[in-house]
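One-letter residues, chain by chain:
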Amino acid sequence: MKKDEEGLSVIMRQDSTVGGVAAATPDALPVFRALGIDYCCGGKRPLAEALAEKGLALSDFSDMVQKRAAQAEAAARAKDFPGMSPEVLSAYIEDTHHDYLRRALPRIEQLLAKVLRAHGANHRELFEVSGLFGRLKSDLEQHLVKEEVLLF
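None of the values given here were measured: they were computed from a predicted structure.

So, how was this worked out
Residues numbered from 1 in each chain as written. Predicted model: local features only at pLDDT ≥ 70, side-chain atom pairs only at ≥ 80, totals over all residues. Heavy atoms only, no water. Helix = DSSP H or I, 4+ residues; strand = E, 2+ residues; numbered from the N terminus. Rg over C-alpha atoms; globule rule 2.2 N^0.38 Å. Buried < 20%, exposed > 50% of the residue type's maximum accessible area, 1.4 Å probe, protein only. Areas by Shrake-Rupley, 256 points an atom, 1.4 Å probe, with all protein chains shown as cover. Patch = residues over 30% accessible without salt bridge, like charges linked within 9 Å, V, L, I, M, F, W, Y side chains within 5 Å. Salt bridge = Lys/Arg side-chain N within 4 Å of Asp/Glu carboxyl O. Core = buried A, V, L, I, M, F, W, Y, C linked by side-chain atoms within 4.5 Å.

**So, the overall build of the protein**
Then, number 1: Within the protein, the secondary structure is distributed over seven helices and zero strands.
Then, number 2: Reading the secondary structure of the protein in the N-to-C direction produces α-α-α-α-α-α-α.
Then, number 3: By the compact-globule yardstick of 15 Å for 152 residues, the protein is too spread out, its C-alpha radius of gyration being 19 Å.
Then, number 4: Oriented by its inertia axes, the alpha-carbon framework of the protein measures out at about 50 × 45 × 30 Å.
Then, number 5: Counting only residues that meet the buried cut, the protein has 25% of its 152 residues in that class.
Then, number 6: Summing over all exposed atoms, the protein offers an accessible surface of approximately 10100 Å²; the carbon and sulfur share of this is 57%.

**Re a nonpolar patch on the surface**
Then, number 1: Side chains of Val-145, Val-149 and Leu-150 sit close together on the surface and give an oily, nonpolar patch of about 330 Å² of accessible area.
Then, number 2: Among the structural elements, Leu-150 can be located in helix 7 (residues 125-151).

**So, the nonpolar core**
Then, number 1: Counting 14 residues, the largest nonpolar core has Phe-32, Ile-37, Leu-47, Leu-51 and Phe-61 as the members making the most contacts within it.
Then, number 2: Taken together, the elements giving at least two residues each to this core come down to helix 2 (18-24), helix 3 (28-35), helix 4 (47-53) and helix 5 (58-77).
Then, number 3: Here this core takes four residues from helix 3, the largest share from any one element.

Pasting the structure below:
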C-alpha cells in the first residue's frame with residue numbers, strides 16, 4: 001500500500017484520531033486548518049467527533065483531502081523544469097520555495113513555542129528541539145540569502 005493510501009485508510013477508520021490522521025496524511029493539514037480543527041493539542045480527539053461538530057462525515061473529509069492531494073500533484077506535474085531558462089527557474093525557486101520558507105519558518109517557530117509552553121514542563125526534550133529548530137531556521141535563512149545573492 002502506498003503512503004497516500006495508508007493515510008486515506010487512517011481517515012476512513014471510525015477509531016481514527018485527528019492527530020493520527022495529521023501524522024499519516026500531510027494533505028489533511030490544510031483541510032484541518034480550513035475547517036478550524038486543532039490537530040496538535042486536540043490530536044487525541046476522535047476524528048469522527050471533530051468532523052461531526054463541523055457537519056461533515058468521514059467520507060466528506062476524505063474527499064476534501066483527496067481533492068487537495070490531486071491539486072498538489074497536478075500543479076507539480078504541470079511544471080517543465082528541464083525546459084525552463086535559468087532565470088525562470090531561479091524566479092520559480094524564489095517565488096515558490098523561498099517564499100514558502102519565509103512564511104513557514106516563523107509559523108513553525110510560533111507553534112513550537114506554543115507546544116513548549118503547553119508541554120515543556122513534562123517533556124524537557126522539547127527545549128532541545130526548540131534549540132535545534134532555532135539553529136535550523138537560522139541556517140536556512142542564511143542559505144536563502146546566499147542563494148539569492150550569489151547563485152541567482
